[in-house]
Amino acid sequence: MACMKLGSKSDAFQRQGQAWFCTTGLPSDIIVEVGEMSFHLHKFPLLSRSGVLERRIAEASKEGDDKCLIEITDLPGGDKTFELVAKFCYGVKLELTASNVVYLRCAAEHLEMTEEYGEGNLISLTETFFNQVVLKSWKDSVKALQSCDEVLAYADQLNISKKCIESLAMRASTDPNLFGWPVVEHGGPMQSPGGSVLWNGISTGARPKHTSSDWWYEDASMLSFPLFKRLITTMDARGIREDIIAGSLTYYTRKYLPGLKRRRGGAETSGRFNTPLGSGNVLSEEEQKNLLEEIQELLRMQKGLVPTKFFVDMLRIAKILKASPACIANLEKRIGMQLDQAALEDLVMPSFSHTMETLYDVDSVQRILDHFLGTDQIMPGGVGSPCSSVDDGNLIGSPQSITPMTAVAKLIDGYLAEVAPDVNLKLPKFQALAASVPEYARLLDDGLYRAIDIYLKHHPWLAETERENLCRLLDCQKLSLEACTHAAQNERLPLRIIVQVLFFEQLQLRTSVAGCFLVSDNLDGGSRQLRSGGFAGGSTEGGGGGGGGWATAVRENQVLKVGMDSMRMRVCELEKECSNMRQEIEKLGKTTTKGSGLGGGSKTWDNVSKRLGFGFKLKSHQMCSAQEGSVSKSNSENVKIEKLKDVKERRGKHKKASSISSER
């Protein structure tokens, strides 16, 4: 027949509008409608290759129509695929590619183009190309899997999508640096079996660049999410490292969720998570919400697997897209697990509530902190912090003793200072968040003091009792000297807190002075030993070594005395301030209790001391008095010692004079 003379010529097929014509010199005797396209063809080439078309043509011929009409509505790939099928039936040589082989394979199965209707039919032809060419290439496997989206039911039935996924998972789980050829063919230069780079088939001797484990992220991100999810599940089953799988999930999420693109101009710490801006298709809000909920379920609940910043960004987008409460709670739990790895800017999230009570989402941060405290955090030392000792503002402890809890305490204090200027932030919320941090976690209370000071500055309408309740969170013993100096002059603080600050500052200085006295006594004893030892050494060895030790001890003793003098001056200043404050409080008491006399004044001081929170009543005053007595006593003792020295010197001179006179 004339139609068999076409051979490999494809120019016999011509398109006119929404119709294809086969110009063979013979009039067409069949019209096949696929979608909106009509194909004017001949019966014999079609029925000789397809079982379905053979039956449909036989049924139409029984009706007596000279020119039969066949309509195909559910053909995989539509009219474009049927165009290739028709050309194949006419003997035109097809160009199979990774992009069309899946459509042709599914269409051939649908039309029953088996070997019964001709050797080398379309089913066997496409099957051979798929198995021997497509599955052996990473790029071709990705393209073939992408084409499965439109014919997913047929592709799953024929195991095409499964074969593509298994091929990709196998290649992704293989270290490309171990097999430089032919595994790494996803976009790099051609390589020889020896591993050198090829140029026009000639070995250049150059070695290929090292390939990282995330080389397949971009290719996998081109898949639709259902297929991408199946690929990730298969990779996980094959034992690919969890961090690599988590990296691919974050890459995919950042590509298709615009809100997760790099914000605040900050660069990620790991190059694996850097996604090119502007990539990915734009999804609707509903699709973005579904994608976010699916991704967070795929990510494993493991600390440090994904950066905390990524989870914070997901939480922010989840609230904007109004994701399910379970999704939001899960993200908050994930952030809480690794809160010690978060930065301050990560926690400062705006409030997306309709009521807009506060500028920042403090409730979410409170829940995140509760999750962190609920995890199995290691208590340092069992009871308290290993760095709980404070001396002159310096921590006593090793760098290894800094725990995740101390990092979180510093983070929360910084967050409190950041949200404190919000005038709509209620005191109970601020106070509850500050009190949630355990006492041992704060090595110093300077950060908490700063946050409280900022809150009091922007909330001047607070009552005195509210100020006192808020300031009870402070531990004055944990304030540095700089913070104590600032707090002593802070008019926003309640009077009770100022007195406590002054008291503990004085207590610290007295402790330091007492320690210096103890060291001085030890040095005096040691200097006497050095002195005697030096003279003894001088009698045997010429006294060379003893003189140097004595000079060193004298210099150290002088330095200590200078330090003690400065501390004594500071102690005296604090005693004067304490005495003046006591007199002012007694004056206030006298004005309230008229005619009470001296006994009433002391009683008023007792009441005031109780109100200020000192359970020891007049102990602070007694301590000041006792210290004054001790200082004066020490001064008198020094005077007595000087007098005794003078008497001894006079007696020595008198004896010396009497001895001289007797000799004469």
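What counts and how
Residues numbered from 1 in each chain as written. Predicted model: local features only at pLDDT ≥ 70, side-chain atom pairs only at ≥ 80, totals over all residues. Heavy atoms only, no water. Helix = DSSP H or I, 4+ residues; strand = E, 2+ residues; numbered from the N terminus. Buried < 20%, exposed > 50% of the residue type's maximum accessible area, 1.4 Å probe, protein only. Contact = heavy atoms within 4.5 Å. Pairing = 2+ DSSP bridges. Axes fitted to C-alpha atoms, helices over the stretch in contact; angles between N-to-C directions. Core = buried A, V, L, I, M, F, W, Y, C linked by side-chain atoms within 4.5 Å. Salt bridge = Lys/Arg side-chain N within 4 Å of Asp/Glu carboxyl O. pLDDT = per-residue confidence, 0-100. Parallel < 35°, antiparallel > 145°, perpendicular 65-115°, else oblique. Left-handed = near helix turned anticlockwise from the far one by under 90°. Nonpolar A, V, L, I, M, F, W, Y, C, P; charged D, E, K, R; others polar. Phe/Tyr/Trp six-rings, centres within 6.5 Å; stacked < 30°, edge-to-face > 60°. Polar contact = N/O pair within 3.5 Å; in protein donor to acceptor, adjacent residues only side chain to side chain. Expected span 1.5 Å × (residues − 1).

Attention shifts here to the overall build of the protein. Summing up its helical and strand segments, the protein has 25 helices and 9 strands in all. Within the protein, buried positions represent 42% of all 664 residues. Long-range pairs, those at least 24 residues apart, make up 68% of the contacts in the protein with a sequence separation of at least 6.

Pairing within the open sheet is mixed, and its 5 strands lie in the order β1-β2-β4-β3-β5. Because the sheet does not close on itself, it has two edges, and the strands there are β1 (13-16) and β5 (68-72). Each neighbouring strand pair of the sheet contributes to a mean axis angle of 20 degrees, computed without reference to strand direction. Pairing analysis gives 3 bridges linking strand β2 (residues 19-22) to strand β4 (residues 37-41), with the strands arranged parallel. From the neighbouring strand, Ala19 faces β4, where its bridge partner is Ser38. Lying on the sheet, helix α2 (residues 51-62) is in contact with β3 (30-34) and β5; it crosses β5 at an angle near 140 degrees. Against the sheet, helix α3 (residues 78-89) engages β1, β2, β3, β4 and β5, with an angle of about 10 degrees to β4.

A separate point is the side chain of Gln288. When you line up the elements, Gln288 lands in helix α12 (residues 285-298). Its relative accessible area of 11% is what places Gln288 among the buried residues.

By size, the foremost hydrophobic cluster in this structure holds 147 residues, and its most contacted members are Leu41 and Trp216. Ranked by the residues each element gives to this core, the list is headed by helix α17 (residues 404-419), at 9 residues. What Trp216 contacts, discounting residues up to four positions off in sequence, is Trp138, Ala172, Ile232, Met235, Ile244 and Ser248.

Inspection of every chain in the model, using the stated rule, returns 20 salt bridges. Arg230 is the partner of Asp156 in a salt bridge, and the nearest nitrogen-oxygen pair spans 3.4 Å. Here the residue Asp156 occupies a position in helix α7 (residues 152-157), and Arg230 occupies one in helix α10 (residues 225-237), the gap between them amounting to 74 residues. Since its relative accessible area comes to 31%, Arg230 is described here as partly exposed.

Take the confidence of the model for the protein next. Looking at the protein, pLDDT values average 75 and 64% of them are 70 or higher. Segment residues 654-664: pLDDT under 50, and 0 contacts once partners within four positions in sequence are set aside and those in other chains are kept.

This brings us to the packing of α17 against helix α19 (residues 446-458). Remark: α17 packs on α19, axes separated minimally by 8 Å, with the N-to-C direction vectors making an angle of 15 degrees. For the element pair α17 / α19, the angle class is roughly parallel. With respect to the hand of their crossing, α17 and α19 are arranged in left-handed fashion. Residues Asp413, Leu416 and Ala417 of α17 form the contact with α19, whose participating residues are Gly447, Leu448, Arg450, Ala451 and Ile454. Considered class by class, the residues forming the contact of α17 with α19 number 5 nonpolar, 1 polar and 2 charged.

With that settled, consider the packing of aromatic side chains. By the definition in use, this model includes 10 aromatic pairs. Both rings, one in Tyr217 and one in Tyr251, keep their centres 6.0 Å apart while their planes meet at 55 degrees; by these two values the pair is tilted. With Tyr217 in helix α9 (residues 217-221) and Tyr251 in helix α11 (residues 242-256), the pair connects residues that are 34 residues apart, well separated along the chain. One exposure class covers both Tyr217 and Tyr251, and it is buried. Look at Tyr252 and Tyr256: their rings are 4.7 Å apart centre to centre, the planes differ by 45 degrees, and that puts the pair in the tilted class. Taken as a pair, Tyr252 and Tyr256 lie in helix α11 at a separation of 4 residues, close to a single helical turn. Its relative accessible area of 8% is what places Tyr256 among the buried residues. In textbook terms, an aromatic cluster arises when at least three aromatic residues are bridged by ring pairs, as seen for Phe225, Phe228, Tyr252 and Tyr256.

Bringing unusual backbone geometry into the picture now. A positive phi angle is found at Glu112, which is not glycine, with a value near 55 degrees. As for its position among the elements, Glu112 is in the loop between α4 (101-110) and α5 (122-132). Exposure remark for Glu112: the relative accessible area of 31% places this residue in the partly exposed category. Even without a glycine there, the phi angle at Asn159 is positive, about 60 degrees. On the secondary structure map, Asn159 appears in the loop between α7 and α8 (160-172).

Looking at the secondary structure, you find Thr358 in the loop between α15 (344-347) and α16 (362-374). Considering only alpha carbons, one finds Thr358 and Leu425, 67 residues apart in sequence, at a separation of 5.7 Å. Residues in contact with Thr358, not counting those within four places in the same chain, are Ser351, Asp422, Asn424 and Leu425. A distance of 2.7 Å separates the side chain of Thr358 from the backbone oxygen of Tyr360, its partner in a polar contact.

Turning our attention to α4. Burial runs high along α4: 8 of the 10 residues are buried. Restricting attention to buried positions, one finds in α4 the residues Val101, Val102, Tyr103, Leu104, Arg105, Cys106, Ala107 and Ala108. Residues of α4 that are buried sit in contact with α3, α5, α6 (138-147), α7 and α8. One or two residues past the end of α4 sits Glu112, with phi positive at roughly 55 degrees.

Here we come to α12. In an α-helix, one full turn covers 3.6 residues, which means residues spaced three or four apart are oriented alike. Here α12 contains 14 residues, and its C-alpha end-to-end distance of 20 Å stays within 8% of the 20 Å for a straight helix at 1.5 Å per residue. Restricting attention to buried positions, one finds in α12 the residues Gln288, Lys289, Leu291, Leu292, Glu293, Ile295 and Gln296. Buried-residue contacts for α12 involve α10, α11, α13 (308-320) and α14 (325-337).

This part takes up the packing of α3 against α4. With their axes 10 Å apart at the nearest point, α3 and α4 run at an angle of 70 degrees to one another. Taken together, α3 and α4 sit at an angle that is classed as roughly perpendicular. Here Thr81, Leu84 and Val85 of α3 come into contact with α4, specifically with Tyr103, Leu104 and Ala107.

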